[in-house]
Amino acid sequence: MLDEQWWRKPLTIADFTLPDAEEVLKINPAQLAEAKSRLGFNAEHLGCSDVWGGEKGVFYFKTRIARSMPRDFLSEYLPEAHKRGIRVLIYYNVHWINIEFGKEHPDWLQVNKEGKIIDFLYGSGNSPCVNSPSWREWSFQGIEDLASYDVDGIFLDGPAYYPGTCYCKNCQEKFKRKYGSNIPRKEDWKDPAWREFIEFRYESIAEYLRDAEKTLKKVKPNAIIYMNSAGLWPTWIEARDNRRLMSYQDMLGAEGGFLYYDLRAQPLWKPGMTAKLLETQSSGKPTVVFIAGANKGWDEYLLTPAETKLLYAETIANGANPWYGVSLSSAKGPGVLAAGEMNRFIMGNTEYLEHTTSIAKVGLFWSKRTADFYRASIPFADFHPKEVKIEERKAADYFAGFQGCFELLVRSHVLFDIIDEESIKLENLRKYDLIIAPNSACISKDCADTIREYVRDGGNLVASFEFSRYDEYGVLLKEFRLAEVFGVKAGRGVFGPMMMDYMSIVSDHPFVEGVSAKLLPCPAFGVEVIPVTSRAIAMYNEKMPARYVRLPPLSKNPAILINKYGGGSCLYIAGNFFDHYNSYHNPDYRRMIANAVRLMSRTLVTLDNCPQSVEVTLRHQPGKCRMLIHLVNFTGEMTRPIESVLPIRDLKIVLHGFDKPRYAKALRLNMELDWEEVEQNVVLKLPVLQEYEIVVLESSRKPFD
Ligand SMILES: [Zn+2]
């Protein structure tokens, strides 16, 4: 008997993309299901159409929308999968149409502002528009037909808007009905109609999911549905807004584990960035990080086992379920075996992985508004033709600064969650001692008011650069919305670039403890502020007139300020500090923020004899006397892909302010751990850390309820 709400238990999801129709005729369903089962998968996305080169109406199940059905593979395969305890979600492509098929249905397709049909998706292909009634009808018909099978659910790959779309007849008419004007042709962020267009596209995608869910659940109420949603990156182009989508889906998943080309250019903790965002946005529903087995670009060439295990570890350590995808033809080899090893580890330890939640005391603010309305690069993905650089409107790159801040916190072994605009509510914020807002420039009045109240009531804030300098649509304000909290007045705006210039530490405040020099490189851009109640910790020096000249004196511009506000305090950095960290990894920058975190929030765990390249997260299971310390070891050989991880020996985990455990166990090592009590801290000794470890602590009291 398969139990209720199976998707709320730990999942290991496979996606072995089936080959084209000719090859599918040769597949033995029992052997295929058996191979997945042996690799430890308990769920899967199963493609049921010949999707090579885009959708063309060739399906492997009985449906009224099929032009041909070479084989009813689905009816043969489902019992084989279910027999082996594998849940089957149908991979349903709703974003990619074959060019020849598209010619028969021009009214389905996304169109750019020149009126040209998009025809180069993935190099060749059209993309359907969610506002096309005939395409909706066609795609919903397929969902309805799938629902008559014994499937466990449907995964929608898409829908999404392609860059520069959509100006099709249906979008134009719908937009005019809704807003009374034409879709603007020009990307003008000051134009209210352009903002409406951004909103229109988010809403259109959400409406499609709403109707797809209705279609499925009308026939099969127990089946689940979810779609390929947004990870941690700016989303206005593809127009997927997780918060809106959550009303209509049962899980939240995104491609946080897709690595493209030069791995050095991508954060080691990319899956964790997305997993943390999804945990915040999923309304308590399960989350999934999609991990591509291949080193993308080369979709048939697998990542190393070490990289594969780290993608899994990052996903699990941050509370998400892994989905592992490769094409069937490449579903063997060392990378896949590594995935299998991780799956079996998960399956052997589900009791420790289900229903866990983070207990971080620091919230890192991801402002979707700023990602949309300020300026932020959008990382490369297969869906975009190239990395999308936004026209130069503002000084800093919001996304780069956010990544820098994320990295700095991981490297400092800080426990933190990601929060977004919808989390900015007092009852949510109160669980955090400290909010960090790296250049969250565009925020609403409500959002600012809540943060002000949070600090006044005793919360702490680290903020940088243009935080709260714009409204939620990117319109520059006369004053920072949070000026009082920073303890400053706005001056004459942004200055820079400063590529060989300095700031000077002018105080011996504990924030600068351990900093190696008084004179530090300054961020490339500063923003002029006038202290009112705040005190400067660092000042900008005047700009260097040239290289190899006498150092200019201090300017009148403060660079770092501390302010008491009500019961809380604020460290405000008047420059694009975290962008700078992202580019140069300045150790003193990291030290200052690590000091700030230590001074402004409770420390729950520290790691001794442990390099920065180990990430730590701490989770617990509400209602149980149990804590889980996840350790992910990224220590490689100074480049990527990582071929082997260097083990860390004799690592000490120091827990602050917890009861003595009854029992401590390392799950990967499968051994009980020694611990001792040192100055009211519990010190655990881990003899060796390979790629990943979970340390379970059982105590006699529930630590966080
Ligand atoms: Zn359209």
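Scoring rules and cut-offs
- Counting from 1, residues in each chain are numbered in the order their sequence is written.
- pLDDT decides what is reported in this predicted model: residues at 70 or higher carry local features, side-chain atom pairs at 80 or more are listed and counted, and totals for whole chains, interfaces and linings draw on all residues regardless.
- The criterion for strand pairing is that DSSP finds at least two bridges linking the strands in question.
- For helices the rule is a DSSP run of H or I covering at least 4 residues; for strands it is a run of E covering at least 2, with both sets numbered from the N terminus onward.
- To get an axis, a line is fitted to the C-alpha atoms, and for a helix only the part in contact is used. The angle between two axes follows their N-to-C directions and goes from 0 to 180 degrees.
- This entry defines residue contacts through backbone-placed C-beta atoms, with two residues in contact when those atoms are within 7 Å.
- A residue is called partly exposed when the number of other C-beta atoms within 10 Å of its own lies between 12 and 20, exposed at 12 or fewer, and buried at 20 or more, with C-beta atoms placed from the backbone.
- When the strands point away from the viewer, a crossover counts as right-handed if the route from the first strand across the helix to the second turns clockwise.
- By definition in this entry, angles of less than 35 degrees are roughly parallel, angles greater than 145 are roughly antiparallel, angles of 65 to 115 are roughly perpendicular, and the rest are oblique.
- Note on convention: the crossing is left-handed when the near helix lies turned anticlockwise from the far helix by less than a right angle, right-handed when the turn is clockwise.

Caption draft 1: Seen up close, the sheet that holds strand β18 (residues 535-541). Pairing in this open sheet of nine strands is mixed, and the strands run β11-β10-β12-β13-β20-β19-β18-β15-β16 from one edge to the other. Strand pairing shows two members of the sheet lacking a second neighbour, β11 (416-419) and β16 (519-521), which therefore form its edges. Neighbouring strand axes in the sheet, compared pairwise and without regard to direction, differ in orientation by 25° on average. Where strand β19 (residues 554-565) lies against strand β20 (residues 568-573), six bridges are found, and the strand directions are antiparallel. Bridging from a neighbouring strand, asparagine 563 pairs with cysteine 570 of β20. Across the face of the sheet, helix α19 (residues 587-600) comes into contact with β10 (362-365), β12 (434-437), β13 (460-464), β16 and β20 while running at roughly 160° to β13.

Caption draft 2: The arrangement of the sheet that holds strand β22 (residues 614-620) in detail. Taken in spatial order, the six strands make up an open sheet running β9-β22-β23-β29-β25-β26, and their pairing is antiparallel. Strand pairing shows two members of the sheet lacking a second neighbour, β9 (357-358) and β26 (671-672), which therefore form its edges. Running over the sheet, helix α10 (residues 305-317) touches β22, β23 (626-633) and β29 (692-698) and is turned about 150° from β23.

Caption draft 3: Spotlight on the pairing of strand β6 (residues 252-257). Of all six residues in β6, six are buried, a share of seventy percent or more. In terms of strand pairing, strand β5 (residues 224-229) meets β6 through two bridges, oriented parallel. Within β6, the position partnered with asparagine 228 by the bridge is glycine 253. Across four bridges, the pairing between β6 and strand β7 (residues 287-292) is parallel. Its bridge partner being in β7, glycine 253 is matched across the sheet by valine 288. Following the chain from β6 across helix α9 (residues 270-281) to the adjacent parallel β7, one finds a crossover that is right-handed.

Caption draft 4: Geometry of the packing of helix α5 (residues 133-146) against helix α7 (residues 192-219). Close contact between α5 and α7 brings their axes to 9 Å; oriented N to C, the two are set at 30°. It follows from the interaxial angle that α5 and α7 lie roughly parallel. Remark: the crossing between α5 and α7 carries right-handed chirality. On α7, the residues that touch Arg136, Phe140, Ile143 and Glu144 of α5 are Asp211, Ala212, Thr215, Leu216 and Val219.

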